[in-house]
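# Chains, contacts and geometry: an overview
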Amino acid sequence: MVRTSTRLQLPLFREPSKEFAPTDRINVEATLRLLLQRDLTFKGEKTDYPAHKIHAFAAKFPPQLPRLFIRELTQPGEYVLDPMSGSGTTLVESILSERNSIGIDLDPLAVMIAHVKTTTLNLPRCVQIGEEVLQEARTELQSFTQSKLDEMYSSQAIAFFDYWFEKHTIQELASLVRAIRRIQDSKINTFLQVVFSSVIITKNGALTRARDLAHSRPHRDLNRKVDQSAFDAFAKRLHFTIESLDSIANISARAEVVRAKVQSLPLQDNSVELIVTSPPYAANAIDYMRGHKFSLIWLGYDPKLLTDIRKSYIGSELRATNLNFPSETANHIIHTLGLKAAQRAGVVAHYYREMETALREMLRVLAHERAAVLVVGSSIIQGIDIKAPTVLSEIAASVGFKVVGVARREILRDARMMPTSHNSTKNGIEARMHEEGVIGLIKPISQR
Ligand SMILES: C[S@@+](CC[C@H](N)C(=O)[O-])C[C@H]1O[C@@H](n2cnc3c(N)ncnc32)[C@H](O)[C@@H]1O
């Protein structure tokens, strides 16, 4: 099983001999300033090379982005943290660059995906067990009855399946889950759960009646005919995943992935040498849980628990009551938005407030004179740009970071896996998603 929140004792992996002589040290601030002046679009570069592509994930960033900052701002053996690690892009890039890394995320599926990408797996054994699971599921299907499904799932879960899946798919998926549940090796079990999930959450959502599932915006479409077999899809994904993981299987740097909140990081003060992260959009513009529950419910998560977890996401629909911020831009936006739509202003204020807490935590765990890089997209709400990159950089300064710069980068929509627009409203992230901010921060020596 995947680890949940405990305070990590660092160093987790570092050997004392790997400390660096002062002469090896990078001038982090000067380097960061130069990096922010580069073209950060990475147009024409391949983004879905091995390991990154084992599972679809909305708004994951192009691997070149974390890789650049990791390679230029840290030394091999140092620690890179992504406190909202999603599908683990930062972690994979850290491993490929021989840095150790720590990923934190609240989303159970994100944690599983990142874990599988970064853990050492016996791949030949994974294929063998995967094929046995498939064989068992095929046998299981022959004696499948509704009462077996009733034994496995709550009535709420079954109602969800009936709404989104066709009968033959339900039977095949339930048979696969039964076979996976028998696998006791926890690493291989998690690996198989991720393969299973990748069969459901795909760009075209082919096994479901949902449109736009991978972008976490499922819409039910009764005209969709699901004729694909879940077993065939599982077989394909099993081999695809193994091939994709092969390239990083023998690298010695490792990652630790923990399910926890960025607002309360299970890490010691001053313990990581770089943070590279990409926080969610405000106001639920990408609703991870809405998409991820399509496999999490199959994997046994209680739908009510998932609803509760969803409320803790940064960018949820909760509303703040304290609307005063240590950022002029934030105060102006909240005031202007409040005149048009008080509730939406509360939701945006909640986002800023949560990010303030997150930034305080990032400052606490970062080593002195080291960098944090935040890749932040904005949203248009009620016709008002909430200017997330500017606001978050002002809040970062107020909590004690030194702001080195805020670069702008064009978003290549497919590369970042952004939602496609079905009805072209001028709200949400649609209107802004051609651009995002890259905020470069340093923890000054004067901080505790
Ligand atoms: C834009 S995604 C990160 C994508 C990632 N950079 C990648 O390449 O896959 C934002 C992530 O923040 C996570 N998140 C949201 N609220 C969180 C919280 N309170 N604590 C930790 N992670 C959170 C979401 O689950 C999501 O995985």
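The rules behind the values
Residues numbered from 1 in each chain as written. Predicted model: local features only at pLDDT ≥ 70, side-chain atom pairs only at ≥ 80, totals over all residues. Heavy atoms only, no water. Helix = DSSP H or I, 4+ residues; strand = E, 2+ residues; numbered from the N terminus. Expected span 1.5 Å × (residues − 1). Buried < 20%, exposed > 50% of the residue type's maximum accessible area, 1.4 Å probe, protein only. Polar contact = N/O pair within 3.5 Å; in protein donor to acceptor, adjacent residues only side chain to side chain. Near = heavy atom within 4 Å. Areas by Shrake-Rupley, 256 points an atom, 1.4 Å probe, with all protein chains shown as cover. 1 Å grid on protein atoms, 1.4 Å probe; cavity = no way out; pocket = protein on both sides within 12 Å on 5 of 7 lines; lining within 4 Å. Sits in = over half its atoms within 2 Å of the grid points. Points joined across faces, edges and corners; volume = space filled by probe spheres on them. Nonpolar A, V, L, I, M, F, W, Y, C, P; charged D, E, K, R; others polar. Pairing = 2+ DSSP bridges. Axes fitted to C-alpha atoms, helices over the stretch in contact; angles between N-to-C directions. Contact = heavy atoms within 4.5 Å. Salt bridge = Lys/Arg side-chain N within 4 Å of Asp/Glu carboxyl O. Lys, Arg positive; Asp, Glu negative; His and termini not counted. Core = buried A, V, L, I, M, F, W, Y, C linked by side-chain atoms within 4.5 Å.

On to helix 9 (residues 186–200). Helix length check: helix 9, at 15 residues, gives a terminal C-alpha distance of 21 Å against a target of 21 Å (1.5 Å per residue), a fit within 8%. Most of helix 9 is tucked away: 13 of the 15 residues are buried. In this structure Asp185 caps helix 9, since a side-chain oxygen of it lies 3.0 Å from the backbone nitrogen of Lys187.

All right, on to the site of the ligand then. Near the ligand there are 24 residues, and of these Ser87, Thr89, Asp105, Val262 and Ile314 occur at the shortest range. With respect to the ligand, the backbone of Val262 contributes an N or O atom lying 3.0 Å from a nitrogen atom. Backbone polar atom of Ile314 to a nitrogen atom of the ligand: 2.9 Å apart, as the coordinates give it. Taking 600 Å² as the accessible area of the ligand by itself, protein coverage stands at 100%. Structurally, the ligand is housed in the largest cavity.

Right, let's talk about empty space enclosed by the protein for a bit. Overall, the coordinates contain 3 cavities of 30 Å³ or more when judged by the stated rule. In this structure, the largest cavity occupies an estimated 400 Å³ of space. What lines the largest cavity is a set of 32 residues, and nearest its centre among them are Met84, Gly86, Asp105, Ser278 and Pro280. Those elements giving two or more residues to the lining of the largest cavity turn out to be helix 3 (89–96) and strand 2 (100–105). Across the lining of the largest cavity, the residue classes tally to 17 nonpolar, 9 polar and 6 charged.

Reading across the sheet, the 7 strands line up as 5-2-1-6-7-11-10 and stay open at both edges, with mixed pairing between neighbours. Of all strands in the sheet, those with a lone pairing partner are strand 5 (255–259) and strand 10 (402–410), marking the two edges. Between one strand and the next, the sheet's axes are offset by a mean angle of 15°, whatever the strand orientation. Running over the sheet, helix 3 touches strand 1 (79–82), strand 2, strand 5 and strand 6 (272–277) and is turned about 175° from strand 2. Sheet strands touched by helix 15 (residues 388–399): strand 7 (366–377), strand 10 and strand 11 (435–442). Its angle to strand 10, the strand with the most contacts, is close to 165°.

This structure, assessed with the given rule, holds 19 salt bridges. As a salt-bridge pair, Glu356 and Arg353 come within 3.1 Å of each other at their nearest N and O atoms. With Glu356 and Arg353 both in helix 14 (residues 342–365) and 3 residues apart, the pair spans about one turn of that helix. The residues Glu356 and Arg353 share a single accessibility class, namely buried. Within the structure, one salt-bridge network assembled from shared partners comprises Glu136, Glu140, Lys148, Arg178 and Arg182.

Another point: the side chain of Arg99. With respect to the secondary-structure elements, Arg99 resides in the loop between helix 3 and strand 2. An unpaired buried charge is present at Arg99: no salt bridge exists, and Glu78, the closest side chain of opposite charge, is 6.2 Å distant. Apart from residues no more than four positions distant in its own chain, Arg99 is found in contact with Ile70, Arg71, Thr74, Gln75, Pro76, Gly77, Glu78, Val80, Ser94, Ala253 and Arg254.

As a further point, take the environment of Pro303. Among the structural elements, Pro303 can be located in helix 12 (residues 303–311). The buried category is assigned to Pro303, whose relative accessible area is 10%. Pro303 sits 146 residues away from Ala157 along the chain, and the two C-alpha atoms are 6.6 Å apart. If we ignore the near neighbours within four places in the chain, the residues touching Pro303 are Ser154, Gln156, Ala157 and Ile297.

The next subject is the nonpolar core. Core analysis: the largest hydrophobic core is formed by 73 residues, its most contacted members being Phe165, Phe191, Leu192, Phe196, Phe234 and Trp298. Considering each element in turn, this core owes the most residues, 8 residues, to helix 9. Excluding its chain neighbours within four sequence positions, the residues that come into contact with Phe196 are Leu173, Leu176, Val177, Ile180, Phe234, Trp298 and Leu299. Among the nonpolar cores identified, the runner-up in size contains 49 residues, and Ile275, Ala349, Tyr352 and Val365 belong to it.

Along helix 3, 7 of the 8 residues are buried, which leaves the element largely enclosed by surrounding structure. Considered for burial, the residues of helix 3 that qualify are Thr89, Thr90, Leu91, Val92, Glu93, Ser94 and Ile95. Buried residues belonging to helix 3 abut helix 2 (64–73), strand 1, strand 2, helix 4 (108–118), strand 5 and strand 6. Of the residues flanking the end of helix 3, it is Glu98, one or two places downstream, whose phi is positive at about 60°.

Function-wise, these values are silent; they only describe arrangement.
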